[in-house]
Amino acid sequence: MSKIAKTAAKAQTLKPRLPRGLVDRGPAEIAATQAMLQTIRESFELYGFEAVETPFIEYTEALGKFLPDLDRPNEGVFSFQDDDEAWLSLRYDLTAPLARYVAEHFDALPKPYRSYRAGYVFRNEKPGPGRFRQFMQFDADIVGAPSVAADAEICMMAADTLERVGIARGDYVVKVNNRKVLDGVMEAIGLGADDQAGRRLTVLRAIDKLDRLGVEGVRLLLGPGRKDESGDVTKGAGLPDAAIDRIIRYVSFQAAPTEGGDRLAFWENFFGGWTDVVGSSETGRQGIAELHAILRLCEAAGYGHDRVRADPSVVRGLEYYTGPVYEAELTFPVVDEDGQTVRFGSVAGGGRYDGLVGRFRSEPVPATGFSIGVSRLFSALQIVRSPIVTRAAGPGPVVVLVLDREEVAAYQALVAGLRGAGIRAEMYLGAAGLKAQMKYADRRGAPVAIIQGSDERARGEVQIKDLIEGAKAAEAIASNAEWKAARPAQFSVPEAEMVARVQEVLGRHFS
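Residues numbered from 1 in each chain as written. Predicted model: local features only at pLDDT ≥ 70, side-chain atom pairs only at ≥ 80, totals over all residues. Heavy atoms only, no water.

Caption draft 1: Region of interest: unusual backbone geometry. A cis amide bond links Lys 111 to the next residue, Pro 112, at an omega of 0°. By the element assignment, Pro 112 lies in the loop between α4 (95-104) and β5 (113-122). Not every positive phi belongs to a glycine, and Glu 85 is a case in point at roughly 70°. With respect to the helices and strands, the residue Glu 85 is situated in the loop between β3 (79-81) and β4 (87-90). The phi dihedral of Arg 385 is positive, around 55°, even though this residue is not glycine. Its place among the elements puts Arg 385 in the loop between α12 (374-383) and α13 (387-390). (Helix = DSSP H or I, 4+ residues; strand = E, 2+ residues; numbered from the N terminus.)

What follows is the structure, encoded as structure tokens:
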């Protein structure tokens, strides 16, 4: 090939690049994630929930006012126009598609309707550390139940699910608040009118950053605005000092139950502090009563303040929440990117959204639910070394080596015998020799390699190489000559006994 041709060929070679904000996943992580999802699924089904699946794409109008930016449909979500000029969007979460599904099949579904679904959602946002454009959620919702008993069930199920996947009691808490209480606070500071909706949302999003920015950071966002470390400025809500002080007093309200005291009396005192903050707002007082009812139900079922508790800092940033809101937070310490010890934080959240399904129907439809951040929970399970993720990957396949290219059919028959007995197996399909094939088996994580040359085939035998035991033995052998003499963990058996002997080796290592 000429120099010019080589240069042209090089110029045409594409550079492999993963788009920003997206990740690739290998087989070990996929297997561990599936094991975690199965455990979550079993927990949800124990509470009577059933599976449903909605597509990745919805009409943009179905997401409607709940898009991050109303004026620019491609801001916050990925949107495109169909051939009939209708706008379509990749789903932003799993809740809005469920609302559309329930409304479309309303008469055929039992009410209340309990469902769960898992899948990827997409955010057209600036990617960064821990911020992805595609990530998986696992949701559970109850549609058609106006009672806060449904919210209590969600909180209890969240606690049970965390324990089932391997988060120890004491390492998590399900925190509950009520948007009606927050609405009461808004009314008390003069932001209750319809024309104040934009400022209310700014205030809610500021409060939602309390864990990350602290009280002073939230105070700035409620007032003139805040400049972050990079120099970017976030516009504030522009509230007067008196209003800011009232909100800060509300979100930073702290109390602790008396050791050995009456827990329900503790909640009465706790909510008493909130009553002072919401003032005469009937909406706020109703929210406090609903919160009290949720905690009483959880307490009666054995879910005390150590597992489910009220917390005024829980806001949830989306606008469609209308009542109780909750977050499942992991409380054990981890070291962040700056080397600082911090709490792991939230892995799930949700709340009541009584107006979302009603957008599609003439009558109101109550609904509540929560969503687990699958990737974030998976990271937490890796930190606590939950058996669900540490044991999920399992062994690689048994690899049948191919030493004679003219006898591929014979090797294929060996593989078929293993697969017929339920043993995961593959035949080497490359063109390399014995040494390279053994390296391939190691990289595949194979527990066993099957070797058959012309001499073994003439005798009707195969050699079984226990790669796990062989690796252990090789570490204790000093020289190559000694290794060749010992032939560690490798033995010959008749072809008819191959499957049974492989099963013995696998049983020894993985039973």
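That was the structure; now back to the text.
Caption draft 2: Summary view of the sheet that holds strand β16 (residues 448-451). The strand order across the open sheet built from five strands is β15-β14-β16-β17-β18, with neighbouring strands paired in mixed fashion. For this open sheet the edge positions go to β15 (425-427) and β18 (490-494), each flanked by a neighbour on one side alone. For this sheet the average axis-to-axis angle between neighbouring strands, irrespective of direction, equals 25°. The pairing of strand β14 (residues 398-400) with β15 spans three bridges and is classified as parallel. Bridging across to β15, Val 400 finds its partner in Met 427. (Pairing = 2+ DSSP bridges. Axes fitted to C-alpha atoms, helices over the stretch in contact; angles between N-to-C directions.)

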